[in-house]
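Here's the letter readout for the chains.
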4 protein chains.
Amino acid sequence: MSSRSANDSKRRPGGRSARVRQAVLDAAFAELGEKGYGGLSIEAVAQRSGVAKTTVYRRWPTRDELVADALDSRSDRNEPIPDTGSLRGDLKEFCEGVRAKLTSNHGKAMLKSLVAAVDQSPEIIETVERFWRERRDVGGQLIERWIRRGILRPETDADLLVEVILAPIYLRVLLPGGPLTGDVLTGFIDLALDGVLEDVTPRTDKHRSGERNL
Amino acid sequence: MSSRSANDSKRRPGGRSARVRQAVLDAAFAELGEKGYGGLSIEAVAQRSGVAKTTVYRRWPTRDELVADALDSRSDRNEPIPDTGSLRGDLKEFCEGVRAKLTSNHGKAMLKSLVAAVDQSPEIIETVERFWRERRDVGGQLIERWIRRGILRPETDADLLVEVILAPIYLRVLLPGGPLTGDVLTGFIDLALDGVLEDVTPRTDKHRSGERNL
Amino acid sequence: MSSRSANDSKRRPGGRSARVRQAVLDAAFAELGEKGYGGLSIEAVAQRSGVAKTTVYRRWPTRDELVADALDSRSDRNEPIPDTGSLRGDLKEFCEGVRAKLTSNHGKAMLKSLVAAVDQSPEIIETVERFWRERRDVGGQLIERWIRRGILRPETDADLLVEVILAPIYLRVLLPGGPLTGDVLTGFIDLALDGVLEDVTPRTDKHRSGERNL
Amino acid sequence: MSSRSANDSKRRPGGRSARVRQAVLDAAFAELGEKGYGGLSIEAVAQRSGVAKTTVYRRWPTRDELVADALDSRSDRNEPIPDTGSLRGDLKEFCEGVRAKLTSNHGKAMLKSLVAAVDQSPEIIETVERFWRERRDVGGQLIERWIRRGILRPETDADLLVEVILAPIYLRVLLPGGPLTGDVLTGFIDLALDGVLEDVTPRTDKHRSGERNL
DNA sequence: GGATAAGCGAGACGGTACGTCTCGTCTTTTG
DNA sequence: CAAAAGACGAGACGTACCGTCTCGCTTATCC
């Protein structure tokens, strides 16, 4: 994995290069967690990893590439898709997983790093997109399953649904917007599933609000 | 109001102090727009505003206070509440306004600044909360109106609804998540209003999913 | 003295600036003596003088300016003109003085520094020329005196004479050319004073060597 | 001869080793001419000669050895001894030759290299001495000839005379001391040949200055 | 209406980190 | 097995800002 890494398949998997590479990524990841993106200095990473500064620069010409690589080397792949037996239960578990990750020390640092670093380098953007795509894949499969079971309407836009449910969670991590209790998560889920309109209008009217001023 | 500013109501509104203050805030705001939060240097602000560096430090001991003050001095207050005659129209207009602000150069810089600066200083948190509260107030009043008109269910949580609709917009500004076209905004609104469940379950079952596995 | 120094007459003669300046020049001079021109690093000078590297750079933008200033701040001015009562005695004393200076640790380092640095910066050239001029002035006055006393021919070119006598001394310091004993110095002086031709030709023939193949 | 070179007579005169050796020396010599001793970097030499840096280091452990070898490989041997028919003419031609060499790009770089490198390694000292010895040999033979012809006094110290005449030339190359025109050279020669004393004292008094205060 | 205290400009200072350069060593691959 | 290729540790380079400080000068307020 980490298929974009600077010097993959260098010479030998266990050679000096590989050891150096791992030491630097570990140090960078740790520094990210402690100081955040803005506080990460190449100098500190080099020192922490016991590697010469020039070596860091040789492999990762910019800070962003290092950050992207460090985050990437730690990203969970193959996350399991919740299967609790109920739609709300699955979504709740999905959200809980996201919350757990994001509110951790590293998760928060990572998210903030991405925000700070985005639109600075394509590497970071790539990382963000992969990061985002993974969530959407898990959520998407989950939703597909409930569409097939007839609980969700067939025309449901899975990506949109995932986005609407997850966005408030992400945002509350990024900006001080109140705690992320289980109830709050349930609130997001219910709102997305049920909507808030008075239940008097046939679905077919949805986009023609007509005289009822929807 | 800027009620927190270091030396408000110093001597005279048109005195040297006031002029200096304004020049610095203008410069800081401009720099924020051009370089973003991470790229804002006190040195540059001082030079751009034609003010001695020491003067900046005297009034704004930390960079965050300066940023908060600069953002604050430009924030729109008294935003009008949309009134188009339809709920979806009002929400669309509301979202369009938010989008317009956030996707502007300054808006984006400002949002990123806030994210970067949060949990560093109480001043910033205060600014974020005021910033957020204003949106919620406008959205809240808008929603209250449509509850009173019987279009939205009385128990609707206005803050929650606003959060669910706006969060994806904010997030797409912060992370590279696709364009913010009018259709996308409509998608967010519709999902929040209508939900995505097959319309077969009475509302009262909402929290007891029962055998239908909602 | 040191009339070209970066920031003369800064604020106060005993202020922090002056102290810093002196500390740096002392350190630079010492480093020059120990490591020579090529081995002098700004970093080392800064550390040795207990001054921040940036401060050194602020006052002496280039290494050469620092070197020139350091050498300059130590150069003896107002050297006494020997007066032993005899021409050869005066010249011997003059040469002994030059030798003593040049063969000292610092003298040698300084001379080599000048050679290495010359044709790199005008500052250094200026220093070399002042350095050289001082010698020529002393020697020149000495020689003038003996011209007036009728021992040296009136048309004697003082500068030329000084150059011919001193050059071998300088060169033996710069290149490994044998020891500089008192006898060697006397040899240079005698040769310059007496010449080596068979003493059969009238002076007036000097530049018309004629049939005698001079 | 280059008898000191690291790996002389390695494989075969035309083998890879020899080709590499020559390429490196050529490149080093060229770099010396262009950048001078101080500006010569092993890295540049390696690149210029199309050879791996490690190869250079293997054969010439220090920069000085490389420089010495490069200079040595180009030094003129078997310089002709001038024979113009007059002493002054011979010396003039001799001096012109020296001047021509030293004021050339390579000559100057070489001389400065020697000064800079001396007392760093025995190899360099050896080179300097050979370099110096060659001059003295040529000058010495020239002078011997004119002693035999009765123009110069028999007790003339040839080495001393050569040194006194050449030293100012060398020095003017090393330090900014004015141009080296033909007249200046003639001045050095005349002074050394004729001396500058009023011509009233018998040679035998030379070292007993007596009442006339020589 | 002239002292007087503040705010201000100017800029030196000790620091930290930057990203680059060259050094000389060491390891790994190639011919 | 030696040359080639190039990663590595080391450390100086010169720059940019940081936040602190001292110093005179200019204000505008208060006596």
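**A closer look at the interface of chain B and chain A**
Piece 1. Contacts between chain B and chain A engage 52 residues on the former and 52 residues on the latter.
Piece 2. Here chain B and chain A share an interface that buries about 5,200 Å² over both sides, 60% of which is from carbon and sulfur atoms.
Piece 3. Taken together, the links from chain B to chain A amount to two salt bridges.
Piece 4. One salt bridge connects Glu163(B) with Arg172(A), and the closest N-O pair in it is separated by 2.6 Å.
Piece 5. Our count for the contact surface shared by chain B and chain A stands at 16 residue pairs in polar contact (both at pLDDT 80 or more).
Piece 6. Only helix H5 (87-103), helix H6 (105-117), helix H7 (122-148), helix H8 (158-174) and helix H9 (182-194) of chain B provide two or more residues apiece to the side of chain B that touches chain A.
Piece 7. Here the element with the most residues in the side of chain B that touches chain A is H8(B); it accounts for 10 residues.
Piece 8. Residues that form the side of chain B that touches chain A fall into these classes: 29 nonpolar, eight polar and 15 charged.

**Quick word on the protein's contact with DNA strand E**
Piece 1. In the vicinity of DNA strand E, 36 residues are found, and the nearest of them are Glu43(A), Thr54(A), Tyr57(A), Thr54(D) and Tyr57(D).
Piece 2. When atoms of DNA strand E within 4 Å of the protein are sorted by moiety, sugar and phosphate together comprise 61%.
Piece 3. At 3.4 Å from a base nitrogen of DNA strand E is found a side-chain nitrogen or oxygen belonging to Thr54(B).
Piece 4. In the model, a phosphate oxygen of DNA strand E is placed 3.1 Å from a nitrogen or oxygen of the Arg59(C) side chain.

**So, the packing of aromatic side chains**
Residues and elements named next belong to chain B.
Piece 1. Taken as a whole and judged by the stated rule, the model has eight aromatic pairs over all chains.
Piece 2. Each ring, one from Phe 131 and one from Tyr 170, has its centre 6.3 Å from the other, and the planes form 75°; the classification is edge-to-face. Taken as a pair, Phe 131 in helix H7 and Tyr 170 in helix H8 lie far apart in primary sequence, 39 residues in all. Accessibility classification places Phe 131 together with Tyr 170 in one group, the buried group.
Piece 3. On the numbers, 5.2 Å between centres and 85° between planes, the contact of Trp 132 with Tyr 170 is edge-to-face.

**Quick notes on the domain arrangement of chain A**
Residues and elements named next belong to chain A.
Piece 1. Taken domain by domain, chain A comprises domain 1 (16-67) and domain 2 (87-196).
Piece 2. For domain 1 and domain 2, the distance between their C-alpha centroids amounts to 29 Å.
Piece 3. Both faces combined, the contact of domain 1 with domain 2 buries some 780 Å², and carbon together with sulfur accounts for 66% of it.
Piece 4. Considering only the side of domain 1, the residues that lose the most area to domain 2 are Gly 33, Tyr 37 and Asp 64, jointly responsible for 58% of the buried surface there.
Piece 5. Our count for the domain 1 to domain 2 interface comes out at zero salt bridges.
Piece 6. Joining domain 1 to domain 2, the criterion identifies zero residue pairs in polar contact (both at pLDDT 80 or more).
Piece 7. Secondary-structure elements contributing two or more residues to the side of domain 1 that touches domain 2 are helix H1 (16-35) and helix H4 (63-74).
Piece 8. With four residues, H1 is the single largest residue contributor to the side of domain 1 that touches domain 2.

**Topic: the packing of helix H8 (residues 158-174) of chain A against H9(B)**
Piece 1. Running from amino to carboxyl end, H8(A) crosses H9(B) at an angle of 75°, the nearest separation of the two axes being 10 Å. Viewed along their axes, H8(A) and H9(B) adopt a mutual orientation that is roughly perpendicular. On H9(B), the residues touching Leu160(A), Leu161(A), Glu163(A) and Val164(A) of H8(A) are Gly187(B), Phe188(B) and Leu191(B).
Piece 2. Looking at side-chain class alone, the contact of H8(A) with H9(B) contains five nonpolar, one polar and one charged residues.

**A closer look at the pattern of salt bridges**
Piece 1. All chains considered together, the criterion is met by 65 salt bridges over all chains.
Piece 2. Where Glu31(C) meets Arg48(C), a salt bridge forms, and the shortest distance between an N and an O atom there is 2.6 Å. Here the residue Glu31(C) occupies a position in helix H1 (residues 16-35), and Arg48(C) occupies one in helix H2 (residues 42-49), the gap between them amounting to 17 residues.
Piece 3. A salt bridge links Arg99(C) to Glu96(C), with the shortest nitrogen-to-oxygen separation between them at 2.4 Å. Here the residue Arg99(C) and the residue Glu96(C) both occupy positions in helix H5 (residues 87-103), the gap between them amounting to three residues, near one helical turn.
Piece 4. For Glu96(C), a relative accessible area of 24% gives the class partly exposed.
Piece 5. One connected set of salt bridges, linked through shared partners, spans Glu31(A), Glu34(A), Lys35(A) and Arg48(A).

**Points about the confidence of the model for chain A**
Detail in the predicted coordinates should be disregarded across regions flagged by low pLDDT.
Residue and element names in this part refer to chain A.
Piece 1. When pLDDT is averaged along chain A, the result is 84; 85% of the residues meet or exceed 70.
Piece 2. The weakest mean pLDDT in chain A belongs to helix H6 (residues 105-117) at 83; the strongest belongs to helix H2 (residues 42-49) at 96.
Piece 3. Low pLDDT, under 50, characterises residues 1-12; the predicted model gives this stretch 23 contacts beyond four residues in sequence or across chains.
Piece 4. Segment residues 202-210 is flagged for pLDDT under 50; beyond a separation of four residues in sequence, or across chains, it makes nine contacts in the model.

**Describing the relation of the copies chain B and chain A**
Piece 1. With an RMSD of 0.2 Å, the operation that places chain B on chain A is a rotation of 179° combined with a shift of 0.0 Å along the axis. The transformation relating the two chain copies, once decomposed into turn and shift, fits a two-fold axis. Taking C-alpha positions as the reference, the residue of chain B nearest the rotation axis is Gly195(B), at 2.0 Å.
Piece 2. Of the interface residues in chain B, 100% have counterparts in chain A that sit at the interface too, so the contact is made through matching surfaces.

**Quick look at the relation of the copies chain D and chain C**
Two chain copies, one operation linking them: a rotation about an axis together with a shift along it.
Piece 1. Note on the copies: chain D fits chain C at an RMSD of 0.4 Å, the axial shift is 0.0 Å, and the rotation between them is 179°.
Piece 2. Comparing contact sets, 100% of the residues at the interface of chain D also lie at the interface in chain C, consistent with an isologous, same-surface contact.

**Observations concerning helix H7 (residues 122-148) of chain C**
Piece 1. With 27 residues, H7(C) extends 37 Å from end C-alpha to end C-alpha; this agrees with the ideal 39 Å at 1.5 Å per step.
Piece 2. Directly after H7(C), the chain includes Gly150(C), whose backbone phi takes a positive value near 85°.

**Some thoughts on the interface of chain D and chain C**
Piece 1. Each side of the interface is counted separately: chain D has 52 residues, and chain C has 52 residues.
Piece 2. Along the contact surface separating chain D from chain C lie 16 residue pairs in polar contact (both at pLDDT 80 or more).
Piece 3. Listed by contribution, the elements that provide at least two residues to the side of chain D that touches chain C are helix H5 (87-103), helix H6 (105-117), helix H7 (122-148), helix H8 (158-174) and helix H9 (182-194) of chain D.
Piece 4. It is H8(D) that provides the largest number of residues to the side of chain D that touches chain C, a total of 10 residues.
Piece 5. Split by residue class, the side of chain D that touches chain C holds 29 nonpolar, eight polar and 15 charged.

**A few points about the side chain of Ser86(A)**
Residues and elements named next belong to chain A.
Piece 1. For Ser 86, the position within the fold is in the loop between H4 and helix H5 (87-103).
Piece 2. Under the relative-accessibility criterion, Ser 86 is labelled buried at 17%.
Piece 3. A polar side-chain atom of Ser 86 sits 2.8 Å from the main-chain amide nitrogen of Gly 89.

**Looking at the packing of H1(A) against H4(A)**
Residue and element names in this part refer to chain A.
Piece 1. With their axes 9 Å apart at the nearest point, H1 and H4 run at an angle of 95° to one another. The angle between H1 and H4 places the two elements in the roughly perpendicular class. Together, Arg 21, Val 24, Leu 25, Asp 26, Ala 28, Phe 29 and Leu 32 of H1 and Leu 66, Val 67, Asp 69, Ala 70, Leu 71, Ser 73 and Arg 74 of H4 make up the contact between the two elements.
Piece 2. Broken down by class, the residue content of the contact of H1 with H4 amounts to nine nonpolar, one polar and four charged.

Here is what the cut-offs are and how they apply
- Residues numbered from 1 in each chain as written.
- Chains lettered and ligands numbered in written order.
- Predicted model: local features only at pLDDT ≥ 70, side-chain atom pairs only at ≥ 80, totals over all residues.
- Heavy atoms only, no water.
- Contact = heavy atoms within 4.5 Å.
- Buried area = accessible area lost by both parts, 1.4 Å probe.
- Salt bridge = Lys/Arg side-chain N within 4 Å of Asp/Glu carboxyl O.
- Polar contact = N/O pair within 3.5 Å; in protein donor to acceptor, adjacent residues only side chain to side chain.
- Helix = DSSP H or I, 4+ residues; strand = E, 2+ residues; numbered from the N terminus.
- Nonpolar A, V, L, I, M, F, W, Y, C, P; charged D, E, K, R; others polar.
- Near = heavy atom within 4 Å.
- Phe/Tyr/Trp six-rings, centres within 6.5 Å; stacked < 30°, edge-to-face > 60°.
- Buried < 20%, exposed > 50% of the residue type's maximum accessible area, 1.4 Å probe, protein only.
- Domains from an automatic or database assignment.
- Axes fitted to C-alpha atoms, helices over the stretch in contact; angles between N-to-C directions.
- Parallel < 35°, antiparallel > 145°, perpendicular 65-115°, else oblique.
- pLDDT = per-residue confidence, 0-100.
- Least-squares fit on C-alpha atoms with pLDDT ≥ 70 in both.
- Expected span 1.5 Å × (residues − 1).

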